[in-house]
Amino acid sequence: MNYTIRIKRQENPQASPCWQEFSFEGSANTSIASVLNELNHRSPLCEKSGTVVSPIAWECGCMIRKCGACAMRINGLPRLACSVFLRDCKGSVVTLEPLSKFPLVKDLVVDRSVIFEALKRTKLWLEGDAFQTSYTHSQRYRSAKCLLCGCCLEVCPNFDPNSEFAGAVLPVNAYRILNEEQDIAHQTELANAYRQLYFEGCGKSLACQDICPAGIPVEAPETKAEIEIQVGELLQQDWFKCRFCFFGRQFWMTDSLSGAGGEHFMENLTDIGPAWRI
């Protein structure tokens, strides 16, 4: 089948963007990444008009939906070029554009360093040995599937690269650290940053969950991250002193669970997950 590949091109951030069209004849089972590879292997690379143009700048690392490097807008939606096939695109015209919420580098390449800077500002690392339990293994594994591709941020109505709001990549990745961290001081510091950089700015549109190429149920890690923050705060309360098992984690205290705060927390445990007095 014959396809027309429309690509928005721009030599650098200061240059004016332009559209170029290329002809491609191939199977509907061809991925967009393979189409781009085939175009760049042409020598010379010519537009449909016959004009010779330079190779198309785009990024890829694995070609099997593991690295997230090939994220771009495909027919208006942020997706991974390696996991979208011509059969998935309606019609014979395929439009490719760079992600719009990140600084442009060239053609389909953007600078997504804002994602990593947000994780660094949150101090998303462990200060000591990780606490791990089989009970939370599936949740931690699921959150670890995040590719940091930026697709979720592209569709998020609240994300702006110039604002503090970090978007869905933060709760998905923060859950593992909040769940495994045993240093209470660092957990508290991380929790405060999480609230500032994510919780206070999220409007719960969940567009991120619908577009995630890894299929991560964003709301689940988000909720669990909030729960872990609550537990971290409880550890610092005088009235909360007992041995408590929550999401597979055990907390040692020295008194009984009593008082208005304790009763209120225990009443809500049935809604947010398993918890047991030990």
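Right above here is the structure, for reference.
Residues numbered from 1 in each chain as written. Predicted model: local features only at pLDDT ≥ 70, side-chain atom pairs only at ≥ 80, totals over all residues. Heavy atoms only, no water.

S.K.: How do you make sense of the layout of surface pockets when you look at a structure like this?
M.R.: Unoccupied space between atoms shows up once a probe the size of one water molecule is rolled over them. In this model, the largest pocket occupies a volume close to 160 Å³. Together, R65, K66, Y141, A144, K145, L147, P213 and A214 line the largest pocket. For the lining of the largest pocket, the class distribution of residues is five nonpolar, no polar and three charged. (1 Å grid on protein atoms, 1.4 Å probe; cavity = no way out; pocket = protein on both sides within 12 Å on 5 of 7 lines; lining within 4 Å. Points joined across faces, edges and corners; volume = space filled by probe spheres on them. Nonpolar A, V, L, I, M, F, W, Y, C, P; charged D, E, K, R; others polar.)

S.K.: I keep staring at the pairing of strand 5 (residues 71-74) and nothing clicks. Help me out?
M.R.: In summary, the side chains of a regular strand alternate between the two faces of the sheet. Bridge count for strand 5 against strand 6 (residues 77-80) is four bridges, and the pairing is antiparallel. What sits directly across from I74, in strand 6, is L77. Hairpin connection between strand 5 and strand 6: a loop of two residues separates the two successive antiparallel strands, and N75 in this loop has a positive phi of roughly 50 degrees. Relative to strand 7 (residues 93-97), strand 5 runs antiparallel, the two sharing two bridges. Considered in strand 7, the bridge of I74 is made with L96. (Pairing = 2+ DSSP bridges. Helix = DSSP H or I, 4+ residues; strand = E, 2+ residues; numbered from the N terminus.)

S.K.: What's the story with the pattern of salt bridges in this structure? I'm lost.
M.R.: Close approach of charged atoms allows side chains of opposite charge to pair. A complete count under the given rule lists eight salt bridges for this structure. For the salt bridge of E21 with R6, the shortest nitrogen-to-oxygen distance reads 3.4 Å. With E21 in strand 2 (residues 18-25) and R6 in strand 1 (residues 2-9), this residue pair connects regions lying 15 residues apart in the sequence. The exposure class of E21 is partly exposed, given its relative accessible area of 33%. With a closest N to O distance of 3.4 Å, E11 and K106 form a salt bridge. Here K106 lies in strand 8 (residues 104-106) and E11 lies in the loop between strand 1 and strand 2, a separation of 95 residues in the sequence. Since its relative accessible area comes to 26%, K106 is described here as partly exposed. (Salt bridge = Lys/Arg side-chain N within 4 Å of Asp/Glu carboxyl O. Buried < 20%, exposed > 50% of the residue type's maximum accessible area, 1.4 Å probe, protein only.)

S.K.: Quick question: what am I supposed to make of the nonpolar core here?
M.R.: One broad rule of soluble globular proteins: the nonpolar side chains tend to lie buried together. Counting 63 residues, the largest nonpolar core has I5, I7, I32, L36 and L96 as the members making the most contacts within it. Per-element accounting of this core gives the leading share, six residues, to helix 5 (residues 169-180). The residues contacting I7, other than those within four sequence positions of it, are C18, W19, Q20, F22, L36, L39, I56, L96 and L108. (Core = buried A, V, L, I, M, F, W, Y, C linked by side-chain atoms within 4.5 Å. Contact = heavy atoms within 4.5 Å.)

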